[in-house]
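Descriptive structure summary
Okay, here's what each chain looks like letter by letter:
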Amino acid sequence: SQAAWCELPSRVLLVLTSQRGVQMYDSDGSTMVFWHALDVPEHPAAHSVFARGIAAAGGRFVCVGTSFGAVLVFDIPPKGTNVTLSEVLEQHRDPVTDIAAEQGQAPDGAGDLVTADDSGTLCLWSTGEEFTLLGKIPGSGSSCSSVRLWNGIVAAGYGNGQIRLWEAGSGRIRAQVSAHARWIYALDLAPLTGKLLSGAEDSFVHVWKLSRNPDTDDIEIQHCHAECVTDTQVCGARFCDPAGDTFAVTGYDLSEILCYGPA
């Protein structure tokens, strides 16, 4: 259901999630480092089982969400295969949809990990030997499909096409944009510039710019660019460089990855 590179100070892992569990590979994909199977309930038809949402956090952990609402925290050794399940975070009542770790410099008191679920609920965490819940932002009836965290700003994309920006420290909403006409499936953030990429079922990909007003400390969002991928429901969108100058897009039933860059 998902694949992600998890960059830790000591190593890079390729992490895959599926209906069966979690797989971790070395960076070249040649060696499986770890396999974690999901517990299947006695009546599987009553509850779809899957893992979804992947993020490296705290310098040595990889966090993975599950359809049960739990977040699995794996402790990754500097080398070798002795990966351990060190903690299970159980604050979500609905399936986890996405997880994001801080990509910039978090302000004092702000969390460095955010988890999202199908009800739109967001949980803000501080990572460490034990993960601490700092705050919970209740959902408003629309699924939060994708989330990113940058310089203490939580950017969340929703099934109703909205992008909402929250303070990672206080949990207060600071901006809301009706960004797309249909379900947002992908958000990405360029850590060097604060550019935000959003892709949705309405065939559009938008580039936004996040910033803080130096006088008021308000969070601001500015629209920078739009692309229409004709007759394509966009389901994946990622920046290709830390500055956000290029990005790649794909869609349902599309066997290609489309790359966009400066003219």
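Residues numbered from 1 in each chain as written. Predicted model: local features only at pLDDT ≥ 70, side-chain atom pairs only at ≥ 80, totals over all residues. Heavy atoms only, no water.

1. Concerning the environment of A226
- Along the chain, A226 turns up in strand β20 (residues 219-228).
- A relative accessible area of 35% places A226 in the partly exposed class.
- Taking the C-alpha atoms as reference points, A226 and A51, separated by 175 residues in sequence, lie 32 Å from one another.
- When neighbours within four sequence positions are excluded, A226 is seen to be in contact with V205 and H206. (Helix = DSSP H or I, 4+ residues; strand = E, 2+ residues; numbered from the N terminus. Buried < 20%, exposed > 50% of the residue type's maximum accessible area, 1.4 Å probe, protein only. Contact = heavy atoms within 4.5 Å.)

2. A word on the layout of surface pockets
- By volume, the largest pocket amounts to about 1,700 Å³.
- As for the largest pocket, its lining consists of 48 residues, of which A3, A4, R148, D188 and R238 are closest to the centre.
- Of all the secondary-structure elements, those providing two or more residues to the lining of the largest pocket are β1 (2-7), β5 (51-57), β9 (96-101), β13 (144-150), β17 (184-190), β21 (234-239) and β22 (247-251).
- Top contributing element to the lining of the largest pocket by residue count: β1, with 6 residues.
- The class makeup of the residues in the lining of the largest pocket is 28 nonpolar, 11 polar and 9 charged.
- Put simply, the second largest pocket is a space of about 150 Å³.
- Taken together, K195, V207, C224, H225, E227, G244, D245, F247, Y260, G261 and P262 make up the full set of residues lining the second largest pocket.
- Ranked by the residues each element gives to the lining of the second largest pocket, the list is headed by β20, at 3 residues.
- For the lining of the second largest pocket, a count of residues per class yields 5 nonpolar, 3 polar and 3 charged. (1 Å grid on protein atoms, 1.4 Å probe; cavity = no way out; pocket = protein on both sides within 12 Å on 5 of 7 lines; lining within 4 Å. Points joined across faces, edges and corners; volume = space filled by probe spheres on them. Nonpolar A, V, L, I, M, F, W, Y, C, P; charged D, E, K, R; others polar.)

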